[in-house]
Each structure stands twice: as C-alpha cells, then as structure tokens.
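Structural characterization, general
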Amino acid sequence: MRISDILKYTFRALISHKLRTALILLAMSIGVASVTILTALGSGAKIYIIDQFASLGTHLLIVLPGRVETSGFAASLVIGKTPRDLTLQDAKSLLQSPAIKRIAPISLGVANVSWKQLEREVPIIGSTHNLLAIRHWEMLQGQFLPEMDIDTSSPVCVIGHKVRDEIFGHHQARGEWLRLGEYRCRVIGTLKSEGHSVGVNTEDLVIVPVASALGMFNSPSLFRIMVEAKSRELMDQAGEDILEIIKKRHHNNLDVTVITQDAVLGTFDKILTAITLAVAGIAAISLAVAGLLIMNVMLISVSQRTREIGLLKALGAPQKSIRLLFLYEAIMLAITGGILGIMIGYAAAWFIEQIYPVLEVSPPLWAIYLALLTALCTGLFFGTLPARKAARLDPVVALTHH
Amino acid sequence: MIHLDNISRHFQVGDQVVKALDNIQLTINAGEYISIMGPSGSGKSTLLNIIGLLDEPTSGDYIFENRNITQFSESELADFRRDNIGFVFQFFHLVPRLSTAENIELPMVLAGIAPEVRAKKVYEILESLDLQDRAHHRPNQLSGGQRQRVAIARATVLKPRIILADEPTGNLDRHSGSDVIEVLESFLQQKITLITVTHDPDIGSRAKRKIKMVDGCIVSDE
C-alpha cells in the first residue's frame, strides 16, 4: 500500500466517526496543551527572575556577614544572624583591592517617617552615593546622596515615589525637612520607580547616608556590602581579595560570605528548571491518560470494523497492511491532538501574557518537540496492541462477524 | 488448474471435533462454471473459503498449477489471493463510508497501484456494469442489486482467474438475483473460473458442473 493511500484511508475512517474522533483529539490536546502551558509558565518565571538579577549589573558581588559553607543562597540572608558585625571600616578597607571599582555599604531598618501631621512606617536604607550607579537606579527629580566620606553623616535623604505621594501629596517634597524617628533630614531627591527590584521596593523607602542610618539604628553592623568589580574578568580576583581583607581584619576568621550574581542566578536556574520539569512531568500524566483513551477507542474501532478487516484480507491485504492502517490511525489521532494541543497552549500563553505583561510566557522549543514526540510515541505505543489484534483476525470469522 | 488432494477441515466445538470437510478430492479446470449445493452445514462455504485461501485446511494439499499453496506464508497467501481470486459475498461487504468508485478501487489501493491507473480502471468497469451514474453514491444509497454489482466490480477489477461467489443472490429478490447471476456468468467468456455456492436449485442448475455436498463430503459431481 502507498503511504498516501494509507493516510487517506485512515483519515476517512476517522472522519466517519466525528464525535468519537473529536473527543479523543480533545483528550490528547488537553494533555499536550497542559505540558505546553506549564513549561511556558516555568520558563517565563525563569526569564523574569533572571532579568531581575541582570538589572543588578553583571560585575556585582555581595558581601554578607556570616559564613555559609555552600554556595548560592545563604541561610543568613533569611535568618539574618551575624556572628560578627560587618562594619563601615570593613567596607572601606575593601577599596584596597585593585580589582574593586566601587562599593556601597548598606544598612537596613524601619522607622516612622513623618512630616507635619502625616506619619508612616517606611523601610530605611543607609548607603552611599555609589548605590545609585551600582543598582542602576535613576532619579525622578533632585539628586541622590552627595559624594562624601562614608563615615560622615549628613541630614539629607532621598525618598521613594510612594513615600512622596503619601507624605507630601501635591506639595513640593524637595527641600522639606522629613522626620525619621528622632532624626531630621532634608529631602534632596525622589527616586524614579523601578517597581520591585530584587527584593527592594523602590517606591516605598527612604535612603539616607549610611553613617546616619547606623546612628539612627544605634548599631555598627551593616546589612551587606555591594561591591562592583572593575570588570567581569576581575570578579574572581575581587571575591578572593574581599575574603582576604576581611579575614585579616576579623582576626583570621573567615566570617563573611561573598555571593556573586552568577551563583544566585545559577541556583535560581536550577530550582526553576526542576520545578518546570516536575510540573511538566505531572502534565505528562494526562498525556498517558490520553494514550490509554486512544488505545480504548482503537480497540472499539477494531471490533466495530471486524467485517471490514475480513474484507480487506479477502481482497488480498496482508497482515502488515492491516497493522499499518490501524497504527496510522492511532498515530494520526495522537499527532493531530498534539498539534491542536500546542496551538491551544500557545493561545493560552498569549492570553496569560495579556493579563500579566511582566511575564514572558512562551513555551520553550524543547517542550514543543517533547510534547509532539510524546504524542507520537503514545500513538505508536497504544496503537500497537489494537493494530496487532486487527491484523491477526481470522478472515473467515471476521467476515461473518455481526 | 486447482487440485485439492485429501483436504480436510476440522473444527473443535467444545470437546467435539466437527468435520466440516472430510477428505475432499477435487480438480478444477480453468474456465469452468461450477455450482456447489447442499444443505446448511454441509461444508459448502468452508470449501469455498479453502479454495479462496481464506481458510487453511487441517490436512491435505492444495495444488495450484503444480505449486503447493499449503506451504505459502501469510503474506504470500495474501498476494496470491489478491492476484488470482475475486470474492462475492451474500452480504456484499461494501465499506459503508466509501463511495461506489472507492469501494471498487479498494483492491487496487491495497495492491499499491498508482492513482491514475486506478481511476482509469474504475471508470472502465463502472461503464461495463452500467454504474457510471452511481460512482459517487454510498452503499446505503444503492439498491441490493446495485450493491452486489459494485461488489462484483470490486472482485473483478484486478482480473482474477477465479470468482468465488458465496450465496450471491441470497439477499436479493428474484429479478435482481438473476441480473447478478448474468453479470457473473458474463465473466466466463473471459476464461475466468466461476464457482457459486447456493441454496437456489434454479441458480445451481445453470452451472455446467454441479457439485452436491453432504456432511463435509462430495456426494455427486456431474
């Protein structure tokens, strides 16, 4: 038999049972569509997070107090326990390294911010002039913290967009004196909104000079130090220098952790890939169910068409041709369902993107290939048994079947 | 052309062995017109199925032009059937979803013949059986006599050497029945062997050679 004839014959057989074929295609396409959508969501989330970290800049190292033995996400990030303080002097000493371009020490706290009768609890970040460039933030109006020695405190502050709106409303914020707990400082600028930028809400914060912040919170301890290497090649050098300098200063105790963007990204990448695969695996179960449905329908088809099979044998069709006819029917169901499923998956991904424009929801190519391949294998695997059953029918019995 | 040597076909029914054919000796020559008659269960259809290679004998040899068919493999048998034998059944066995032309085309599709050749042959045979205006009808849009003529067209489109008709008029009224018999007999002019199994003595007596069967044995052959 010619392939084109086999295809035509099986196609005719499929469309002669429209409802049954449509239901099977639906089952198959739901399976494939769920694999497509879920992997698309997974890879969308990954792209989103990677973009977020990329916005940090590529030469960035982060120094945290406390030592963790494993790389990647440090426990101290979450728990916040510090064996030994990371001080401003530590931060300053890092500039000894020739690989380091600039640093921005960061201290973090919360204070009641008030102006006239309006009061609001806002996160306070203490840092320096360099933070703006290191985080790639921009100013909406006014200036960022002035360039000065990191030990010097100064009664100035930069506020986030939301703080300005909530506290000052329509008033001009710049030049006003803002009360931060027991301190007072003058507003010199407003930060342009970047939304959530790697865990920091750039709209709802007040930034003051780091020395002022440490005074305000009455603690010598920094939350972390952001370090920018001179180039990407010098990242490793900078990391080693940081550890060495801090070790020397901390009486030979290596009690800080240096994480790089790559390490964080790598960890996120691993986690998200694992989640995507797990979710796709769960979705693949529905593919297996669809495969069983195909087998079921093919078995029904073989029994309904027993007389036809007998006739084909009488007309001189060998077992091989009959096996092929039924196998192609199963494969055609599976592949058509697969293609439909991918189309549904793409449509759904497009729809999700319209609702959440920040997520880039596009099914990864490997998922498409995998879904189609799985559909094909499903058709082959679950079509074999019915096809063999059809091919092995006794022609005399088949012809007299009712 | 065909020689059946000591052919037996036994069926196991429960713990009993039913001898549908019991040591049949039969020689069939090319171009013969044979009718096989006998009561129900006498083995007529089984004999026809054995000759048509749809059924395999339990014992004995089937010799076709000095070749022993009994030793053929499954796919060799299928090819042999396709090239040499045309079946006509009591219940027509047309594929309901296919049109008249497509049903007639089916043996050529299975044989892998090119579509252009098929179209030409289908047209010729439709013309010769006066079915041109029914080419695109489905079987359920045809009368019984028309259906059987389509089935005959399908059985003969590959120019078989033997036509095996199992109760070809069993499902037809008298008029379309004799019409069908005439169509079948018209192939005798082309030196095709025609073997009909029938209950109807009128139709059976039309054949030159009349075989009567009882209980799996040939009781008369004249």
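Please read all numbers here as calculations on a predicted model, not as lab measurements.

1. Digging into the overall build of chain A
Check the secondary structure of chain A and you find 13 helices and 12 strands. Relative to its full complement of 402 residues, chain A shows a buried share of 43%. In chain A, once contacts between residues fewer than 6 apart in sequence are set aside, the share between residues at least 24 apart is 82%.

2. So, the sheet that holds strand E5 (residues 67–68) of chain B
All names here are of chain B. One open sheet accounts for 4 strands, arranged E2-E1-E4-E5; its pairing is antiparallel. In this open sheet, the two edge strands, each paired with only one partner strand, are strand E2 (16–28) and E5. One ladder, built from 5 bridges, connects strand E1 (residues 2–13) with strand E4 (residues 59–64); its direction is antiparallel. Within E4, the residue paired with His3 across the bridge is Ile63. Sitting on the sheet, helix H1 (residues 44–51) is in contact with E1 and E2, with an inclination near 60° to E2.

3. Describing unusual backbone geometry
Residues and elements named next belong to chain B. Its identity is not glycine, yet Glu65 carries a phi of approximately 45°, on the positive side. Examined against the element boundaries, Glu65 turns out to sit in the loop between E4 and E5. Under the C-beta neighbour-count criterion, Glu65 is labelled exposed, with 11 such atoms within 10 Å.

4. A look at the packing of helix H11 (residues 319–355) of chain A against helix H12 (residues 365–391) of chain A
Helix-helix packing is described using two parameters, namely the angle between the two axes and the distance between the axes. Residues and elements named next belong to chain A. At their nearest, the axes of H11 and H12 sit 7 Å apart, and the two run at 150° to each other. By the criterion of interaxial angle, the relationship of H11 to H12 is roughly antiparallel. You can see that H11 and H12 cross each other, and the crossing is right-handed.

5. Some details on the interface of chain A and chain B
The interface is formed by 20 residues belonging to chain A together with 21 residues belonging to chain B. Here the element with the most residues in the side of chain A that touches chain B is helix H10 (residues 306–314) of chain A; it accounts for 5 residues. Its residues placed into classes, the side of chain A that touches chain B shows 10 nonpolar, 4 polar and 6 charged.

6. Notes on the packing of helix H3 (residues 100–110) of chain B against helix H4 (residues 115–128) of chain B
Residues and elements named next belong to chain B. Close contact between H3 and H4 brings their axes to 10 Å; oriented N to C, the two are set at 125°. By the angle between their axes, H3 is oblique relative to H4. The chirality of how H3 crosses H4 is right-handed. Across from Ala101, Ile104, Glu105 and Met108 in H3, the residues of H4 making contact are Arg118, Lys121, Val122, Ile125 and Leu126. Across the contact of H3 with H4, the residue classes break down as 6 nonpolar, no polar and 3 charged.

7. Section: the environment of Glu233 of chain A
Relative to the elements of secondary structure, Glu233 of chain A occurs in the loop between strand E11 (224–229) and helix H8 (235–249). Taking C-alpha positions, Glu233 of chain A is 35 Å from Asp204 of chain A, a pair spaced 29 residues apart along the chain.

8. Quick notes on the pairing of strand E7 (residues 162–166) of chain B
All names here are of chain B. Along E7, 5 of the 5 residues are buried, which leaves the element largely enclosed by surrounding structure. By the alternation rule, side chains of E7 split into Ile162, Leu164 and Asp166 and Ile163 and Ala165, which are all buried. Here 4 bridges tie strand E6 (residues 85–88) to E7, and the two strands are oriented parallel to one another. Residue pairing across strands places Phe87 opposite Leu164, the latter belonging to E7. Judged from the 5 bridges that link them, E7 and strand E8 (residues 193–197) form a sheet pairing that is parallel. Its bridge partner being in E8, Ala165 is matched across the sheet by Thr196.

Scoring rules and cut-offs
Residues numbered from 1 in each chain as written. Chains lettered and ligands numbered in written order. Predicted model: local features only at pLDDT ≥ 70, side-chain atom pairs only at ≥ 80, totals over all residues. Helix = DSSP H or I, 4+ residues; strand = E, 2+ residues; numbered from the N terminus. Buried ≥ 20, exposed ≤ 12 C-beta atoms within 10 Å, placed from the backbone. Contact = placed C-beta atoms within 7 Å. Pairing = 2+ DSSP bridges. Axes fitted to C-alpha atoms, helices over the stretch in contact; angles between N-to-C directions. Parallel < 35°, antiparallel > 145°, perpendicular 65-115°, else oblique. Left-handed = near helix turned anticlockwise from the far one by under 90°. Nonpolar A, V, L, I, M, F, W, Y, C, P; charged D, E, K, R; others polar.

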